[in-house]
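Inside the fold
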Amino acid sequence: MKKSFRESKSCDILVKVLFLVLVAIIWEITAKAHVFGERSEIVFPTIEAIGAAFVRNFTKGYAGTGLALYTLNSMNLLLRGLLIGIGLAFAFSGLSMISRTFSNVYNLCVTIFDLLPGVALLPVVIVIFGVKPGVIVFLVVHSVIWPMSRSVLDGFKAAPKIYVEAGKNLGLNGPGLLFGVYVPAAAAYIVSGLKVGWARAWRGLIAAEMVFGIASCPGIGLYINQMRTNMKNAEMYATLIVIIIIGLVVQYGILNPIEKMTVRRWGMVSAA
Amino acid sequence: MDEAGPGTAAGDVDAADKPVVLEVSHLTKIFDDSQIPGADGMGNRVIVDLSLQVRKNDFLCILGPSGCGKTTLLRCIGGFENFEGKIRINGIERRTPGTDRIMVFQDYNQLFPWKTVEKNIQYGLKLKGIRDKEELRRLSDHALETVGLSGYQKYYPHQLSGGMKQRVAIAKALALKPEIILMDEPFAALDAITRNTLQQELLRISADQDWDCTIIFITHNIQEAIVLGTRIMVMEKGGTIAVNEKNPIRRPVTPASEGYGAYWNKLHAALYRA
């Protein structure tokens, strides 16, 4: 049976595109109407101005440094933080499966620290360690490790008993059982943990850079702040678009394929 | 399906001279009930002092009412429960799970959903130390062919029906060549037609000299027990053995077989006495 156009995938895409066009039109009308008074074009620039600023961000940038370098710096810190955070989340969650004492302590830590915003922790860290790129990495680790651990721990706990027993029946135990059964059985939770962890890390990174921008390792957050202090509002908006684009690329270019290759392929319902 | 096979069944052979594969002696299993309100705190005595022998190529069907301890008995043999007493496989004591006793569960979602049919079968073989890819493929193909699923190697479990998943689970057990296959109502969750087909296939496989199986099969279904078993055991509440004898009905068993009605009635009476 042929599906009607309204149920088709191209219709879904069309709806999304039309919505974006509508937003752009409203934006443009608002900008041209000078609703924010005399200097309205500075506070609320037109799409052409933002477009031009988007290009300028990369060609001219700030103080001779293009936005590309700022972005690369941010991504570098982010990637390091993500890898460490995810690695630690797996290591500690795995240890929690082996030791009951460790599990108790670690669950308490996850509950406490997951509620603590990274930016709130940053002043303390800076007082102790000083201002250096490592501090931002620390913050990214903090943002990703707790939600990721929560997902992994929940996933391990929810691993169907029958898989665990089938694994033991094949002679698996200890780390073999952990990696052979618990980790794949928790795949849906791990994928949703990655999504939450990545989003937290990305936001945490931008926030930290904005509040404690480090000139020795300038990132996107710092750039956006510099644009604001220099009254370059169009550039500011254009940088927001860069942040959104990076988010979309990670979502559709990395996270969705991971999901498709694992839980969807295996017919395991996503936990999210 | 092929119903001609079971003509020369193991049931016709007197197995008393075959070696003892499984020996359960003085098995007692008491579940802690101290957390359950109203319980006497003495523990829930599911199985008390049960002894049992299973010989090579036996197909032992265990019948019993719900809660009589038949699943617990199987889980103890599989090494999934702590217990008092001794369980020996070929004379060697076992207390933990191992590939010499492979369990086929009732739940047909027992295959790893993240592995294809083929990899599900090969995983246990790999863990046993078989590394050669050709050898692994040969073994898994042969097992799949036996259960009538040639061509489904690359399917993921979620793409199969319940009956097909149970076939794969049986293939997985066969491929590992365990000393004994433990089946806990493997067909109970299936529809009647699929169930009949799988009974006939299991009968054929169990009688196949190539596979050389020894099976313990738990069921609620008297007909299933008479059709499949070379030996039949009835358990009563408290885990005592009410009946444990050679199946007197000649294979292939149908409701028209000589003595079927009388034997069915006997088992039915034993089953409902408790």
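These remarks concern the structure in this document. (Residues numbered from 1 in each chain as written. Chains lettered and ligands numbered in written order. Predicted model: local features only at pLDDT ≥ 70, side-chain atom pairs only at ≥ 80, totals over all residues.)

In this section: the overall build of chain B. Scanning chain B for helices and strands turns up seven helices and 10 strands. Computed over C-alpha atoms, the radius of gyration of chain B comes to 19 Å, within 12% of the 19 Å expected from 2.2 N^0.38 for 274 residues, which places it in the range of a compact globule. Viewed in the frame of its principal axes, chain B has a C-alpha envelope of about 55 × 45 × 35 Å. Looking at chain B as a whole, 40% of its 274 residues are labelled buried. Restricting to contacts in chain B with at least 6 residues of sequence separation, those with at least 24 account for 71%. (Helix = DSSP H or I, 4+ residues; strand = E, 2+ residues; numbered from the N terminus. Rg over C-alpha atoms; globule rule 2.2 N^0.38 Å. Buried ≥ 20, exposed ≤ 12 C-beta atoms within 10 Å, placed from the backbone. Contact = placed C-beta atoms within 7 Å.)

Looking now at the overall build of chain A. Check the secondary structure of chain A and you find 12 helices and zero strands. Ordered by position in the sequence, the α and β elements of chain A form the string α-α-α-α-α-α-α-α-α-α-α-α. Across its three principal axes, chain A shows a C-alpha extent of roughly 75 × 65 × 30 Å. Residue pairs in contact within chain A that sit at least 24 positions apart in sequence constitute 71% of those at least 6 positions apart.

Next up on the list: the environment of I170 of chain B. On the secondary structure map, I170 of chain B appears in helix α4 (residues 162–175). Sequence-distant contacts of I170 of chain B, defined by excluding residues within four places in its chain, comprise V104, V147 and L202 of chain B.

Here the focus is the sheet that holds strand β8 (residues 215–219) of chain B. Residues and elements named next belong to chain B. Strands sit in the order β6-β7-β8-β3-β9-β10 across an open sheet of six strands; the sheet is mixed. Edge strands, defined here as strands with exactly one partner in the open sheet, are β6 (101–104) and β10 (240–246). Sheet twist, expressed as the mean angle between neighbouring strand axes with direction ignored, is 15 degrees. Taken together, the five bridges between strand β3 (residues 59–63) and β8 define a ladder with parallel strand orientation. Note that in β8 the partner of L63 across the bridge is T219. Strand contacts of helix α7 (residues 260–272): β3, β9 (231–236) and β10, with the helix running at about 25 degrees to β9, the strand carrying the most contacts. (Pairing = 2+ DSSP bridges. Axes fitted to C-alpha atoms, helices over the stretch in contact; angles between N-to-C directions.)

On to the sheet that holds strand β5 (residues 92–93) of chain B, then. All names here are of chain B. Reading across from one edge, β2-β1-β4-β5 is the order of the four strands in this open sheet, with antiparallel pairing throughout. In the strand order of this sheet, the two ends are held by β2 (44–55) and β5, each with one partner. The pairing of strand β1 (residues 20–31) with β2 spans eight bridges and is antiparallel. Across the sheet, the residue bridging to L27 is L50, located in β2. Against the sheet, helix α1 (residues 70–78) touches β1, β2 and β4 (84–89), its axis set at about 120 degrees to β1.

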